[in-house]
Amino acid sequence: MAEQSSPDWMALARRGRRHRMIFLGTITVFLTLVSLPVVMPYLWLLTMSVTTLGSAAVMQVFWRAAGLVAVLYLALIVLPPLMPERFRTWVPAMAAAAAVILTTLFILPLTTLNNFRFLWNPDVMAAQQGRSSTIGELPSIWSAMGNSFALAGTQTALILITATPAAYALSRLAFRGRETLSRGILLLHAFPVMALTVAIFIQSYWMGLLNSILGVVLVLTTLELPFAILILKTFFDAVPWDIEMSAVTDGASRWQAFRLVVLPQVSGGLIAVGTFTFLRGWEEYVYVTTLLIDNSHMVMSLYLFWVSQDAMGADPNLIAATGVIYLLPVVALYVFAQKYLTQISFGGIKG
Amino acid sequence: MAQIAFEQVSKSWGETEVLRPMDLSIANGECVAILGPSGCGKSTTLFLLAGLYAPTSGKVLFDGHVVNGVDARDRNVGIVFQSYALYPHMTVRANIGFPLRFQKVDKDDLSRRVVEAANLVQIDEFLDRKPAELSGGQQQRVALARALVKQPNILLLDEPLSNLDATLRMSMRAEIRAIQRRLGMTTLIVTHDQIEAMTMADRIICMSRGAVAQIGTPDELYRRPADTFVAGFIGSPPITLLEGDAKGETLHIGTGAMTLTASTAGRITLGLRPEDLRLGAPGQGGLPARVVTVEPLGREVLYGVETAIGRLHVLAMAGDAVPPAGEPAAVQIDAAHSLLFDAGGRRIPNLNIRP
């Protein structure tokens with residue numbers, strides 16, 4: 001042992017640091033490159049919604065906004081892990097403040113809110129160079145938004161009311177054919193729903209549910225139910241039998257035990273499933289075009305479609321602005337539900 | 001306060017019979033342990049009592065009344081589950097007060113009783129915490145307080161100490177026993193730990209594969225086990241069981257032989273507890289032996305010795321003069337405490353080996 005020189009620990013430590021830097025750097029660069037094509041359309045959508053096509057402002061706003069996003073990305077996400085501890089709180093704060101100032105000084109002056117005129121003037125096209133238009137007859141966006149909320153909200157309520165007891169039963173009660181039923185639900189979820197479009201149309205026609213929001217709600221609820229049940233079942237599976245049994249010996253009825261003890265344990269799951277269901281209803285297009293065959297029950301996705309289908313040539317800025325309005329509730333919902341969505345898992349292991 | 005009885009109570013899940021028809025009688029205020037290895041039906045027995053399971057056949061009686069059809073919520077039974085089963089979204093205060101929400105208890109009375117129960121198990125300083133913010137021992141106390149707060153007729157404890165560390169287990173053992181004595185509640189403790197059962201219970205129900213192997217006081221189970229299963233399950237370090245053939249008054253085991261106090265015949269199993277054997281230098285009398293293993297246990301030392309009748313375990317005090325490993329020695333047997341079992345494993349009463 002004495003002849004062996006001890007290894008150069010300093011050099012090895014340097015090498016370890018270098019390896020970690022290369023590893024982190026490669027991952028960061030790769031993920032950044034992959035995200036670019038995802039981020040760009042959103043940036044373009046935002047730019048288009050606040051500028052007028054053909055004006056010099058479009059590209060200026062776009063590049064300035066892109067630059068701003070890049071700087072914010074570096075300051076908030078890439079650099080903090082590399083910075084010494086004491087910079088980590090105030091550098092991001094400074095970056096955020098700088099972003100607000102830069103936006104006010106260099107981007108806001110170039111923008112216009114004219115594209116959002118549909119919010120207060122339902123006759124979108126008439127205001128623009130007096131053009132006549134097929135979509136002059138479009139209902140107000142507020143009615144479309146109201147319909148979308150009604151559709152997605154009713155669907156969410158129906159799903160939660162139906163899927164919760166179904167998932168509880170599949171998770172808890174021992175009955176004949178439980179396994180088969182679980183597998184059947186999985187199969188239903190895997191089934192391509194597009195194949196059912198014609199059949200559903202005909203059935204809706206016979207049931208007199210064509211051209212009504214309720215019809216679409218019922219169809220979407222049916223199609224979404226398997227997924228909701230599967231997810232909720234994993235949440236119920238994670239609640240131990242013991243606490244329910246404990247509640248029962250404590251004097252609660254089965255219903256009280258469910259409501260006071262089990263349900264609070266799966267509230268995260270209910271919020272997650274509710275969010276997904278709501279978004280699914282909010283963005284639904286196929287079944288609303290199929291089943292809402294005239295304009296009297298316009299929802300947001302149809303509204304966006306009709307705005308882009310102007311016979312006299314579509315107005316890209318108007319489409320972009322509509323798109324932004326269409327997106328806002330989604331973003332708001334995600335921000336609220338983010339914490340719960342990450343709890344969704346399959347097979348019992350929470351992610 | 002209740003007297004409990006089982007009349008031929010059995011439980012099956014489909015084809016599998018987890019509890020064979022069982023008779024049981026527990027006196028008012030008695031503390032009884034149900035002891036057995038995992039899967040022997042001891043928790044099933046507990047849940048049958050609580051009303052969480054319905055018996056497949058037989059009658060469960062409280063104070064002589066059949067309660068088979070009575071819902072768990074109406075039986076006024078307090079349970080401490082092995083997992084404690086605390087409600088994670090509620091504070092300790094809400095957890096303990098939960099059973100009182102279903103009784104007509106006014107607000108002041110409720111909070112007073114919650115504090116009383118918390119005081120009883122010394123967790124009053126944690127009342128506003130969530131269960132996740134407590135240690136295992138504290139959670140266990142909360143579960144106990146929750147079971148006690150409604151002043152149940154019967155207290156059921158399912159492996160109450162199995163999730164605690166060794167020191168805590170010892171103090172909780174004594175504490176639970178003291179509380180039980182003070183409140184005088186009929187109590188059943190399910191455990192797989194024989195020390196827990198021996199120290200906490202007035203009587204032990206020893207179970208094996210869905211049936212009662214023996215019911216008796218801790219001392220009865222230790223000194224007069226009904227069969228080889230009970231003999232092997234009770235006692236630590238475990239008893240040594242040696243199989244042999246009896247002819248008249250001679251019992252042949254391995255290459256050696258022992259003399260019996262009465263004549264018998266057939267396959268006989270001899271049971272010798274490590275604490276009933278003495279190890280000494282050769283020539284002091286007793287069975288010639290050779291020390292093979294030495295396991296210091298602190299106050300005591302467990303020796304493994306090879307003899308003509310087989311490998312024996314001998315428990316000696318740490319300070320005793322004992323031959324070191326590999327050396328010849330001699331084993332003296334406390335013949336009065338020897339146990340003999342017939343071919344079916346049942347103990348043969350009034351039969352011993354001769355010194």
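Below: a short report on this structure. (Residues numbered from 1 in each chain as written. Chains lettered and ligands numbered in written order. Predicted model: local features only at pLDDT ≥ 70, side-chain atom pairs only at ≥ 80, totals over all residues. Heavy atoms only, no water.)

Describing unusual backbone geometry
Residue and element names in this part refer to chain B. Of note, the amide linkage connecting Ser236 to Pro237 takes the cis form, showing an omega dihedral of -5°. As for its position among the elements, Pro237 is in the loop between α8 (228-233) and β11 (240-253). Notably, Gln151 is not glycine yet its phi reads approximately 50°, a positive angle. You can see Gln151 is positioned in the loop between α4 (136-148) and β7 (154-158). Backbone geometry places Glu159, a non-glycine residue, at a positive phi of 45°. Mapped onto the secondary structure, Glu159 falls in the loop between β7 and α5 (166-183). Residue Glu159 is classed as buried on the basis of its relative accessible area, which comes to 7%. (Helix = DSSP H or I, 4+ residues; strand = E, 2+ residues; numbered from the N terminus. Buried < 20%, exposed > 50% of the residue type's maximum accessible area, 1.4 Å probe, protein only.)

Examining the state of the cysteines
Residue and element names in this part refer to chain B. The full count for this structure, using the stated rule, is zero disulfides over all chains. In this structure Cys31 is a free cysteine whose sulfur lies 16 Å from that of Cys206, the closest cysteine sulfur available. In this structure Cys206 is not part of a disulfide, and its nearest cysteine sulfur, from Cys40, lies 7.8 Å away. (Disulfide = S-S within 2.5 Å.)

Topic: the pattern of salt bridges
Counted according to the given criterion, the structure contains 21 salt bridges over all chains. With its nearest N and O atoms 3.1 Å apart, the salt bridge here joins Arg280 of chain A to Glu224 of chain A. Residue Arg280 of chain A is found in helix α10 (residues 267-283), and its partner Glu224 of chain A is found in helix α7 (residues 213-237); the two are separated by 56 residues along the sequence. Arg267 of chain B serves as the salt-bridge partner of Glu243 of chain B, at 2.7 Å between the closest nitrogen and oxygen. Residue Glu243 of chain B is located in strand β11, and its partner Arg267 of chain B is located in strand β12 (residues 256-272); the two are separated by 24 residues in the primary sequence. When salt bridges with common partners are traced through the structure, they connect Arg172, Glu244 and Arg254 of chain A into a single cluster. (Salt bridge = Lys/Arg side-chain N within 4 Å of Asp/Glu carboxyl O.)

Side note on the nonpolar core
Grouped together as the largest cluster of nonpolar side chains are 62 residues, with contacts concentrated most on Leu52 and Leu156 of chain B. When residues in this core are grouped by element, the largest group, eight residues, is from α7 of chain A. Counting residues in hydrophobic clusters, the runner-up holds 33 residues, among them Ala143, Leu148, Leu164 and Ile189 of chain B. (Core = buried A, V, L, I, M, F, W, Y, C linked by side-chain atoms within 4.5 Å.)

Observations concerning the sheet that holds strand β4 (residues 57-62) of chain B
Residues and elements named next belong to chain B. Spatially, four strands are ordered β2-β1-β4-β5 in an open sheet, and the strand pairing comes out antiparallel. Strands at the two margins of the open sheet, each flanked by one partner only, are β2 (16-26) and β5 (65-66). Across five bridges, the pairing between strand β1 (residues 4-13) and β4 is antiparallel. By the bridge assignment, Ser10 is partnered in β4 with Ser57. In the packing of helix α1 (residues 42-50) onto the sheet, contacts are made with β1, β2 and β4, and the angle to β1 comes to roughly 115°. (Pairing = 2+ DSSP bridges. Contact = heavy atoms within 4.5 Å. Axes fitted to C-alpha atoms, helices over the stretch in contact; angles between N-to-C directions.)

Focus: the environment of Ser111 of chain B
All names here are of chain B. In this fold, Ser111 is placed in helix α3 (residues 107-120). You can call Ser111 partly exposed: its relative accessible area is 34%. Separated by 136 residues in sequence, Ser111 and Lys247 place their C-alpha atoms 72 Å apart.

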